[in-house]
Amino acid sequence: MKPEDIQAVGQEMAIRWSDGEETYLPMEKLRAASPSAEMKGERDLLGNRIGGSAQTDFPGVKVKRWEIVGGYALLFFFSDGHDTGIYPFEYLRRLGREWA
């Protein structure tokens, strides 16, 4: 399953998947759900979390543009400068279902 169409519609990202399912993702929530190390932190060899952000609210943030990464994910470029989170397609579909 891959995106067939991706559009910014108002304050949401709309994705139509190859199986016909549609996903709508509010941009502010999408920014907060970034899977980047900047947001989620990283694990050391002992499993301890290092870094990450406690920020969960990104009022007014918008997606400026996006790119498909390696045929398995999307990279969003946000208006606040964040552009390091790679969102696998399965993750985006799961978020869309949870937020519906």
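Just above, that's the structure.
Because the structure is a prediction, the values reported are computed rather than measured.

A. Here's a closer look at the sheet that holds strand β7 (residues 73-78). Read across the sheet, three strands follow the order β6-β7-β8 without closing on themselves; strand pairing throughout is antiparallel. With one partner strand each, in any of the chains shown, β6 (63-69) and β8 (86-88) form the two edges of the open sheet. Taken over all neighbouring pairs, the strand axes of this sheet differ in orientation by 30° on average, direction set aside. Most of the contacts of helix α3 (residues 89-99) go to β8, to which it runs at about 75°, and overall it touches β6, β7 and β8.

B. How the structure looks around the environment of Ala8. Mapped onto the secondary structure, Ala8 falls in strand β1 (residues 3-9). Spatially, the C-alpha atoms of Ala8 and Met27 are 8.9 Å apart, while their sequence positions differ by 19 residues. With residues up to four places along the chain from it excluded, the contact list for Ala8 reads Met13, Met27 and Trp66.

C. Fine view of the side chain of His82. By the element assignment, His82 lies in the loop between β7 and β8. Not counting chain neighbours up to four residues away, the residues in contact with His82 comprise Arg31, Ser34, Ser36, Glu38, Met39, Phe76 and Phe77.

D. Expanded view of the sheet that holds strand β3 (residues 22-26). Taken in spatial order, the three strands of this open sheet run β1-β2-β3, and their pairing is antiparallel. Two strands close off the open sheet at either side, each with one partner strand: β1 and β3. Neighbouring strand axes in the sheet, compared pairwise and without regard to direction, differ in orientation by 15° on average. Strand direction decides the pairing type here: strand β2 (residues 12-17) and β3, joined by five bridges, are antiparallel. What sits directly across from Ala14, in β3, is Tyr24. Relative to the sheet, α3 contacts β1, β2 and β3, its axis offset from that of β3 by approximately 75°.

Criteria and thresholds
Note that residues are indexed from 1 along each chain, following the sequence as it is written. Whole-chain, interface and lining totals are the exception, using all residues; otherwise, since this is a predicted model, local features are given only for residues with pLDDT of at least 70 and side-chain atom pairs are given and counted only at 80 or more. Just so you know, side-chain values use all the structure's heavy atoms and leave hydrogens and water out. Here, any two strands with at least 2 DSSP bridges between them count as paired. Elements are defined by DSSP. Helices are runs of H or I of four residues or more, strands are runs of E of two residues or more, and each kind is numbered from the N terminus. To obtain an axis, a line is fitted to C-alpha atoms, over the contacting stretch when the element is a helix, and the angle between two such axes runs from 0 to 180 degrees between their N-to-C directions. The contact definition used throughout considers only heavy atoms, calling two residues in contact when any of these lie within 4.5 Å.

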